Amino acid sequence: MIKARIAGTGSYVPEKVVTNFDLEKFLDTSDEWIVSRTGIHQRHVAAADENASDLATQASRKALEMAGVAPEELDLIVVGTVTGEFTFPSSGCMIQKKLGARKAFAFDVSAACSGFIFALSNAVNYHRLGGVKRSLVIGSEVMTRTVDWKDRNTCVLFGDGAGAVVLVSEEGERGILSTHLHSDGNFSELLYQPGLGASPTEPPQDHFVKMQGNEVFKVAVKALSDVALEALEANGLRKEDLKMIFPHQANKRILDAIGKRLDLGPEKVFSNVDQVANTSAASIPIALDHAHRGGKIQPGDLILLNAFGGGLTWGAALVRW
Ligand code: ACO
């Protein structure tokens with residue numbers, strides 16, 4: 001059967017770094033609190049003239065170069081993002097323009113922190129149907145523009161960045177084995193950001209991220225673990241077969257808890273949340289690129305990508321690298 005194989009990865013984080021100590025200067029928080037509750041030490045923040053499509057374009061160029069695919073050869077661009085510079089046109093269209101990917105059709109997927117996995121699943125299905133042979137799947141966010149920098153409950157958690165993968169259609173063992181997506185709108189109030197289309201209220205509503213962190217934490221650990229097992233079972237594979245998993249990088253404590261539930265040692269649960277914080281839809285492709293370029297995954301390895309985010313949404317992709 002034709003599979004979509006990841007032929008290239010790329011990532012980009014903005015130059016500006018904001019450490020926990022920087023936050024201490026204007027917020028009632030501390031490095032000690034943030035590190036012990038989240039594992040985060042620093043986050044990258046986009047420059048004033050950088051938008052999500054700019055970060056994505058940088059990450060995409062690296063992924064395309066690794067894959068040996070020219071932008072004009074792309075059939076499809078799918079972007080997981082909730083922080084595009086326009087409601088429309090989509091970030092996908094802006095990235096298509098910046099890359100010069102003339103032939104590709106492009107669109108965005110809105111699934112908050114699960115955006116990359118939902119985008120990947122979309123692309124995989126186009127590959128399976130046969131009309132798409134080369135695609136670019138991106139997660140890109142400027143979450144630091146969506147938080148209230150006076151709200152210590154949320155602003156310490158997020159960072160900006162982008163990650164991308166190039167998929168090529170191929171016969172054989174390697175590639176994306178399956179994807180598994182879930183949503184439950186009943187939990188929408190745990191994590192949300194009011195949009196431009198919200199009905200007017202008095203006083204007018206702000207557009208900052210709102211989160212019930214404790215509740216999100218509990219649901220996240222269960223959903224991320226369950227969907228990992230679902231993906232393995234669907235392919236007749238076991239936890240022991242996994243080389244490494246790449247969960248959404250929201251919080252080190254969530255990563256540790258998933259490792260425990262799945263009986264995977266810390267060396268099998270990739271983490272870079274200490275350096276980049278929660279970059280929403282960008283977190284998995286950034287993590288994947290860091291691991292890949294760092295030599296942590298080799299052809300033939302079985303890896304799992306699993307995400308969780310506002311919606312609520314969650315999902316996984318099982319990949320034979
Ligand atoms: N610095 C210092 N104190 C803080 C801070 C801060 N930055 N933030 C909150 N506190 C205080 C709270 O005000 C509270 O004080 P109180 O007891 O006097 O009221 C106390 O710390 C404890 O607050 P909790 O919310 O109970 O702290 P908790 O241990 O749950 O940690 C956290 C909070 C880190 C947000 C945790 O719940 C978490 O990580 N949840 C998951 C959130 C997440 O991952 N969201 C994103 C996933 S989906 C997506 O990525 C969009």
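For clarity, every value in this text was computed on a predicted model and none was experimentally measured. (Residues numbered from 1 in each chain as written. Predicted model: local features only at pLDDT ≥ 70, side-chain atom pairs only at ≥ 80, totals over all residues. Heavy atoms only, no water.)

Draft legend 1. Examining the site of the ligand more closely. Lining the immediate environment of the ligand, one finds 23 residues, of which Thr29, Arg37, Cys113, Asn251 and Asn278 sit closest. Take Trp33: an N or O atom from its side chain is 3.4 Å from a nitrogen atom of the ligand. Coverage of the ligand by the protein amounts to 76% of the 1,000 Å² it exposes when considered alone. When residues of the shell around the ligand are traced back to their parent elements, those giving at least two are helix H2 (31-38), helix H6 (213-234), helix H7 (252-261) and strand S12 (302-309). Split by residue class, the shell around the ligand holds 10 nonpolar, 9 polar and 4 charged. Counting only domains with at least three residues in the shell around the ligand, you end up with domain 1 (2-172) and domain 2 (176-320). (Near = heavy atom within 4 Å. Polar contact = N/O pair within 3.5 Å; in protein donor to acceptor, adjacent residues only side chain to side chain. Areas by Shrake-Rupley, 256 points an atom, 1.4 Å probe, with all protein chains shown as cover. Helix = DSSP H or I, 4+ residues; strand = E, 2+ residues; numbered from the N terminus. Nonpolar A, V, L, I, M, F, W, Y, C, P; charged D, E, K, R; others polar. Domains from an automatic or database assignment.)

Draft legend 2. Local environment of the domain arrangement of the protein. Split by domain assignment, the protein resolves into domain 1 (2-172) and domain 2 (176-320). Once you take the C-alpha centre of each, domain 1 and domain 2 turn out to be 14 Å apart. Counting residues at the interface gives 53 residues for domain 1 and 47 residues for domain 2. Put simply, domain 1 and domain 2 have 21 residue pairs in polar contact (both at pLDDT 80 or more) between them. Considering only residue class, the side of domain 1 that touches domain 2 consists of 22 nonpolar, 23 polar and 8 charged. (Contact = heavy atoms within 4.5 Å.)

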